[in-house]
Amino acid sequence: MNKQIVVSGIRPTGFLHLGNYFGAVRNFVRMQEDFNCYFFIADIHSLTTHPTPRDLQSGVKQVLAEYLACGIDPEKATIFIQSDVPEVSELYTLLNMNAYLGELERTTSFKDKARQNPDNVNAGLLTYPVLMAADIIIHKAKYVPVGKDQEQNLEMARKFAKRFNHMYGKKVFPKPKPFTFDGGDMIKVPGLDGSGKMGKSEGNAINLFEDPKSIRQKVMRAVTDSGPTEMNQKKSEAVENLFTLLKIVSTPDSVAHFDALYNKCEIRYGDLKKHLAEEIIAYTSPIRDRIIEILEDDLYLAKVAKLGAEKARESASKTLQEVKEVIGFRKLF
Ligand code: ADP
Ligand code: TRP
């Protein structure tokens with residue numbers, strides 16, 4: 001039986017953090033066993049923030065090494081760099097003809113970015129969801145494992161796929177859906193600053209590559225409150241976030257243990273944080289060791305990227321050919 005197709009990517013804008021891992025990469029690793037997976041490094045997307053050539057290169061190398069260190073296996077999944085597959089940019093150009101200014105301007109991620117960096121509201125930022133749609137539908141993906149923050153971009157990808165099919169009266173693209181195991185909700189990993197999600201730009205993240213000392217420091221400095229004063233008191237957002245992190249990295253028993261202490265007003269946040277830090281270290285340190293090892297092997301990294309590009313181009317060029325025929329491009333000579 002043919003395996004269902006899966007596509008996902010991450011921009012190479014720094015180290016991967018726990019949000020990227022639990023929101024996306026951990027699912028990549030699990031999915032590669034049963035699906036036909038394409039996992040890539042979205043280097044073209046990262047150009048919206050104008051990295052230097054050096055930063056771009058080191059970012060790509062870092063994410064590639066991190067993908068491998070997390071357990072993505074180039075024998076099982078196709079791992080590639082977005083810019084190595086020019087067919088994606090070509091499909092992006094074609095999809096742009098049916099993407100409307102109004103809908104692009106209304107996207108929350110565009111509005112947020114335009115607000116954060118009013119001096120750099122470039123067209124790439126505006127059409128970011130179109131390029132993302134091209135990434136996904138060029139392989140005719142059915143599933144896209146991403147975190148909650150990508151929900152709207154994925155909705156746009158579905159819209160562009162449907163619009164294309166409708167316009168030409170042909171079912172060229174399946175509708176890509178978010179993927180979570182067990183049909184659960186898309187995940188949002190909180191940061192350590194008391195509110196919102198963990199993110200690179202938020203400065204509240206713990207990276208997979210982080211050394212144990214720095215993990216302990218960051219966790220011990222995490223925002224909490226002055227402690228519960230009544231039995232079974234509702235938790236503040238900051239404390240709830242620490243519990244959410246604990247649930248992600250630790251066992252149900254230890255969550256229940258700290259929960260009971262909280263409910264009895266006997267919790268000491270310092271103890272909770274110490275425990276949380278050690279659990280995070282237990283999770284990340286084997287990954288960190290592998291990242292260090294893989295980063296030294298340029299030959300291996302180059303081999304993986306080359307093999308991935310070949311496999312991704314094979315799939316992408318087939319779809320692009322079909323799209324061009326459907327659109328009506330004809331060879332005249
Ligand atoms: P960042 O927000 O740090 O810039 P990206 O936007 O590059 O991270 O996200 C890459 C992938 O990681 C996406 O699939 C995204 O949904 C996921 N992701 C990022 N942060 C989180 C988070 N805090 N919780 C869950 N998933 C996340
Ligand atoms: N927008 C995603 C992010 O910021 C990265 C991305 C680009 C992506 N193209 C994609 C994710 C295609 C899934 C599928 O995290």
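What counts and what doesn't
Residues numbered from 1 in each chain as written. Chains lettered and ligands numbered in written order. Predicted model: local features only at pLDDT ≥ 70, side-chain atom pairs only at ≥ 80, totals over all residues. Heavy atoms only, no water. Helix = DSSP H or I, 4+ residues; strand = E, 2+ residues; numbered from the N terminus. Buried < 20%, exposed > 50% of the residue type's maximum accessible area, 1.4 Å probe, protein only. Contact = heavy atoms within 4.5 Å. Areas by Shrake-Rupley, 256 points an atom, 1.4 Å probe, with all protein chains shown as cover.

Draft legend 1. Looking closely at the overall build of the protein chain. A count of helical and extended segments in the protein chain gives 13 helices and five strands. With respect to the principal axes defined by its C-alpha atoms, the protein chain has extents near 80 × 45 × 45 Å. Relative to its 333 residues, the protein chain shows a buried fraction of 48%. Counting only contacts in the protein chain whose residues sit at least 6 apart along the sequence, the fraction spanning at least 24 positions is 79%. Counting every atom, the protein chain has about 17000 Å² of accessible surface; 52% of that belongs to carbon and sulfur.

Draft legend 2. Molecular detail of unusual backbone geometry. The backbone of asparagine 232 sits at a positive phi, close to 50°, despite the residue not being glycine. By the element assignment, asparagine 232 lies in the loop between helix 9 (212-220) and helix 10 (237-249). Phi at cysteine 265 takes a positive value of approximately 60°, unusual for a residue other than glycine. Tracing the backbone shows cysteine 265 in the loop between helix 11 (252-263) and helix 12 (269-295).

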